[in-house]
Amino acid sequence: MEKKLVIKVTAGADAPERCSQAFTVAAVAVASGVEVSLWLTGESSWFALPGRAAEFELPHAAPLPDLIDSVLAAGRITLCTQCAARREITEKDVLEGVRIAGAQVFVQEAMADETQALVY
């Protein structure tokens, strides 16, 4: 059975180092062949929108759009349902490949066999 990694990122531009770490770990895990599900919650929700990741800057960190592209290429990115609703983000607004789902799906993924969950 393949090991899986579920990452919930709660930080955005408000905590850039924590945010960048979450996306970096997700991209490195995908590149290593790990099945990755990255969840955008709180302030990271904005990165589900086209162009928003390009506004994010952190010295000595990989560009956020590149990390997102890496995860989307072989993993999954999910935007929290409630977080999306609070920001008036709908499925038609998000990047191609990003889904919107709620806590039930997150719990199901995090509790699956051979799965490690991380929260940033």
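This write-up is about the structure you can find in this document. Remember, predicted model here, so these are calculated numbers, not experimental data.

Topic: the packing of helix α1 (residues 16–31) against helix α2 (residues 64–74)
Two numbers describe how α1 lies on α2: the axes approach to 9 Å, and their chain directions differ by 40°. Here α1 is positioned oblique relative to α2, judged by the angle of their axes. Considering how the two elements wind past one another, α1 and α2 form a crossing that is left-handed. Across the interface between the two elements, Ser 20, Phe 23, Thr 24, Ala 26, Ala 27 and Val 30 of α1 pack against Leu 64, Leu 67, Ile 68, Ser 70, Val 71 and Ala 74 of α2. Here the contact of α1 with α2 is built from residues that sort into nine nonpolar, three polar and no charged.

Some thoughts on the environment of Ala 15
Mapped onto the elements, Ala 15 comes out in the loop between β1 (4–9) and α1. With 29 residues separating them in the primary sequence, Ala 15 and Ser 44 have C-alpha atoms 9.6 Å apart.

Things to note about the side chain of Glu 109
Mapped onto the elements of the fold, Glu 109 is located in helix α4 (residues 103–110). Setting aside residues no more than four positions away along its own chain, Glu 109 makes contact with Val 6, Ser 37, Trp 39, Arg 76, Arg 99 and Thr 115.

Each value, and the rule that gives it
- Residues numbered from 1 in each chain as written.
- Predicted model: local features only at pLDDT ≥ 70, side-chain atom pairs only at ≥ 80, totals over all residues.
- Heavy atoms only, no water.
- Axes fitted to C-alpha atoms, helices over the stretch in contact; angles between N-to-C directions.
- Helix = DSSP H or I, 4+ residues; strand = E, 2+ residues; numbered from the N terminus.
- Parallel < 35°, antiparallel > 145°, perpendicular 65-115°, else oblique.
- Left-handed = near helix turned anticlockwise from the far one by under 90°.
- Contact = heavy atoms within 4.5 Å.
- Nonpolar A, V, L, I, M, F, W, Y, C, P; charged D, E, K, R; others polar.

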